[in-house]
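Reading the structure
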Amino acid sequence: MVGGDKEEGDKRHLQTCFTTRKAFPLQSEEMSKIGSFEGFQPVSLKQEGDDQPSETDQLSIEERGPGKDPESRLISRHPSVTESTLYPNPYHQPFISRKYFVTRPGAIETAIEDLKSHVAETSGENIQGFWLLTEIDHWNNEKERILLVTDKTLLICKYDFIMLSCVQLQRIPLSAINRICLGKFAFPGLSLDKRQGEGLRIYWGIPEQQSLLSRWNPWSTEVPFATFTEHPVKYTNEKFLKICKLSEFTSKLVPAIQMAHKNSPESGRGKELMVLTKPILIETYTGLMSFIGNRNKLGYSLARGSIGF
């Protein structure tokens with residue numbers, strides 16, 4: 001009797017399982033996959049309103065190409081956490097350019113007005129333009145300078161943008177300038193302090209006639225040429241982009257010199273301006289002074305930070 005009841009119970013259990021599998025076939029198949037990876041699908045978590053793929057996602061999809069598996073493409077999506085912007089010049093960043101006092105509001109405007117007043121009081125010449133450039137002396141030291149071109153004169157001004165005053169002003173008659181050289185900077189083969197980039201050198205004398213004392217004196221004012229390159233704050237804004245561009249200065253200086261030669265009493269002697277394109281040689285070998293000065297921007301009116309506690 002007991003054995004009959006057990007056999008009848010087993011039959012009812014098998015019938016129930018068969019009925020359940022027949023009624024829910026998909027559920028039974030999925031249940032059979034538990035414990036294997038086939039039963040799991042990758043899920044992409046998105047925030048609300050994030051239906052469109054980001055620029056980073058689009059780039060990652062395009063790099064892999066259309067032949068890749070869509071599931072692997074979905075798994076490899078990584079949302080962008082940070083954004084980085086590349087600038088052509090680091091001085092695009094305001095907190096860096098503000099270290100230069102020339103970028104402070106009203107600083108360059110005050111300097112220009114001071115120089116305009118000085119020219120009006122001394123010579124009364126017509127000013128053709130102002131430029132903010134970096135002078136590189138014969139010992140490779142960088143110096144912040146304002147340049148003025150008038151009808152007859154090139155003025156090179158050392159201006160203190162902290163005290164807003166002109167410290168030194170050098171006058172060069174345009175009729176005395178006989179050569180302009182444009183090109184990349186070059187150094188002797190044994191030089192330890194070299195620089196990259198291009199510059200402009202203006203000659204108003206013969207370098208071969210320069211004395212040995214003035215050539216090896218870093219503070220000499222008898223050097224018959226001046227070398228310039230673009231100021232570091234060139235890319236701060238549109239205003240500085242215009243007055244710091246070396247090509248703009250050259251395009252204004254060359255015609256002014258040619259006109260000065262034409263109107264000069266010595267023009268009948270065959271004197272004319274030579275514009276050359278060749279490397280600009282800076283004869284420095286050890287360059288310890290310029291290495292320290294240029295790395296610390298000692299030739300610029302620059303915020304040095306607080307001193308003390």
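In short, a report on the structure. (Residues numbered from 1 in each chain as written. Predicted model: local features only at pLDDT ≥ 70, side-chain atom pairs only at ≥ 80, totals over all residues. Heavy atoms only, no water.)

1. Some words on the layout of surface pockets
Filter applied, for reference: A cavity, in this analysis, means grid points on a 1 Å lattice covering only the protein atoms where a 1.4 Å probe fits yet has no way out; a pocket is instead an open set bounded by protein on both sides within 12 Å along at least five of seven lines, and a residue lines either one if it has an atom within 4 Å of a point. Grid points are joined across faces, edges and corners, and a volume is the space filled by probe spheres set on the points. A run of H or I in DSSP counts as a helix once it spans at least four residues, and a run of E counts as a strand once it spans at least two, with each numbered from the N terminus. The classification used treats Ala, Val, Leu, Ile, Met, Phe, Trp, Tyr, Cys and Pro as nonpolar, Asp, Glu, Lys and Arg as charged, and all other residues, Gly among them, as polar.
In this model, the largest pocket occupies a volume close to 790 Å³. In terms of lining, the largest pocket is formed by 33 residues, of which the most central are Glu135, Asp137, Lys143, Arg145 and Gln168. Of all elements in the fold, only strand 1 (127-136), strand 2 (142-150), strand 3 (153-160), strand 4 (165-173), strand 7 (225-230) and helix 10 (288-295) reach the threshold of two or more residues within the lining of the largest pocket. Ranked by the residues each element gives to the lining of the largest pocket, the list is headed by strand 3, at 5 residues. Of the residues in the lining of the largest pocket, the class split is 14 nonpolar, 11 polar and 8 charged.

2. A short note on the packing of aromatic side chains
Using the following cut-off: Stacked, edge-to-face and tilted are the three classes for Phe, Tyr and Trp ring pairs, Trp counted by its six-membered ring, which pair at centre distances within 6.5 Å; planes under 30 degrees apart are stacked, over 60 edge-to-face, the rest tilted. Summary of the burial criterion: residues with accessible area below 20% of their type's maximum are buried, those above 50% are exposed, and those between are partly exposed, where the area comes from a 1.4 Å probe applied to protein chains only.
Counted according to the given criterion, the structure contains 5 aromatic pairs. With 5.1 Å between their ring centres and 55° between their planes, Tyr159 and Phe161 make a pair best called tilted. Here Tyr159 falls in the buried class, since its relative accessible area comes to 4%. A relative accessible area of 4% means that Phe161 is categorised as buried. Relative to Phe225, the ring of Tyr203 has its centre 5.7 Å away and its plane inclined at 50°; by these criteria the two rings are tilted. Here Tyr203 is found in strand 6 (residues 198-203), whereas its partner Phe225 is found in strand 7, with 22 residues between them in sequence. Take Tyr203 and Phe225: they sit in the same class, and that class is buried. Three or more aromatic residues joined by ring pairs make a cluster, and in this case those are Trp131, Phe228 and Phe249.

3. Concerning the pairing of strand 1
Side-chain positions along a regular strand alternate between the two faces of the sheet. Put simply, the rule reads: Strands qualify as paired when DSSP identifies two bridges or more between them.
Of all the 10 residues making up strand 1, 8 are buried; the element is thus mostly covered by neighbouring parts of the structure. Of the strand pairs in this sheet, strand 1 and strand 2 are connected by 9 bridges, and their pairing is antiparallel. Bridging across to strand 2, Ile136 finds its partner in Glu142. Here strand 1 hands over to strand 2 after 5 residues, with Asn140 in that stretch at a positive phi of 70°. Where strand 1 and strand 7 come together, 4 bridges link them in antiparallel fashion. Directly across from Glu135, in strand 7, lies its bridge partner Phe228.

4. Quick notes on a nonpolar patch on the surface
Worth spelling out the cut-off: In this scheme, patches are assembled from residues that exceed 30% relative accessible area and form no salt bridge. Like charges are connected within 9 Å, while nonpolar side chains (Val, Leu, Ile, Met, Phe, Trp, Tyr) are connected within 5 Å. In short, Shrake-Rupley with a 1.4 Å probe defines the accessible areas, and a residue's cover is counted only from the protein chains shown. In the sections that follow, a salt bridge refers to a side-chain nitrogen of Lys or Arg positioned within 4 Å of a carboxyl oxygen of Asp or Glu.
A surface patch of nonpolar side chains, amounting to about 500 Å² of accessible area, comprises Leu190, Leu212, Trp216 and Tyr285. Inspection of the secondary structure assignment puts Leu190 in the loop between strand 5 (179-186) and strand 6.

5. Notes on the environment of Ser175
Selection criterion: Every residue pair with non-hydrogen atoms within 4.5 Å of one another is taken to be in contact.
Inspection of the secondary structure assignment puts Ser175 in the loop between strand 4 and strand 5. You can call Ser175 partly exposed: its relative accessible area is 25%. The spacing of Ser175 and Trp204 is 29 residues in sequence and 8.7 Å in space, taken between C-alpha atoms. Contact partners of Ser175, with chain neighbours within four places excluded, come to Ala260, His261, Ser264 and Lys271.

6. Quick notes on the nonpolar core
For clarity, the threshold we go by: Only buried residues count toward a nonpolar core, which is a set of Ala, Val, Leu, Ile, Met, Phe, Trp, Tyr and Cys residues joined through side-chain atoms within 4.5 Å.
Membership of the largest hydrophobic core comes to 23 residues, with the highest contact counts inside it found for Val102, Ile108, Leu132, Ile146, Phe161 and Phe240. Residues contacting Ile108, with those up to four places away along its chain left out, are Val102, Ile146, Phe161, Lys239, Phe240 and Ile243. Of all hydrophobic cores here, the second largest spans 22 residues; its members include Trp131, Leu133, Leu147 and Val254.

7. A few points about the pattern of salt bridges
Any two side chains of opposite charge can pair if their charged atoms end up close together. Evaluation of the coordinates by the stated rule reveals 6 salt bridges. With a closest N to O distance of 3.5 Å, Lys143 and Asp137 form a salt bridge. A relative accessible area of 9% means that Asp137 is categorised as buried. Residue Lys297 is joined to Glu142 by a salt bridge in which the shortest nitrogen-to-oxygen separation is 3.9 Å. Placement of Lys297 in the segment after helix 10 and of Glu142 in strand 2 is noted, with a sequence separation of 155 residues between them. One connected set of salt bridges, linked through shared partners, spans Glu142, Arg195 and Lys297.

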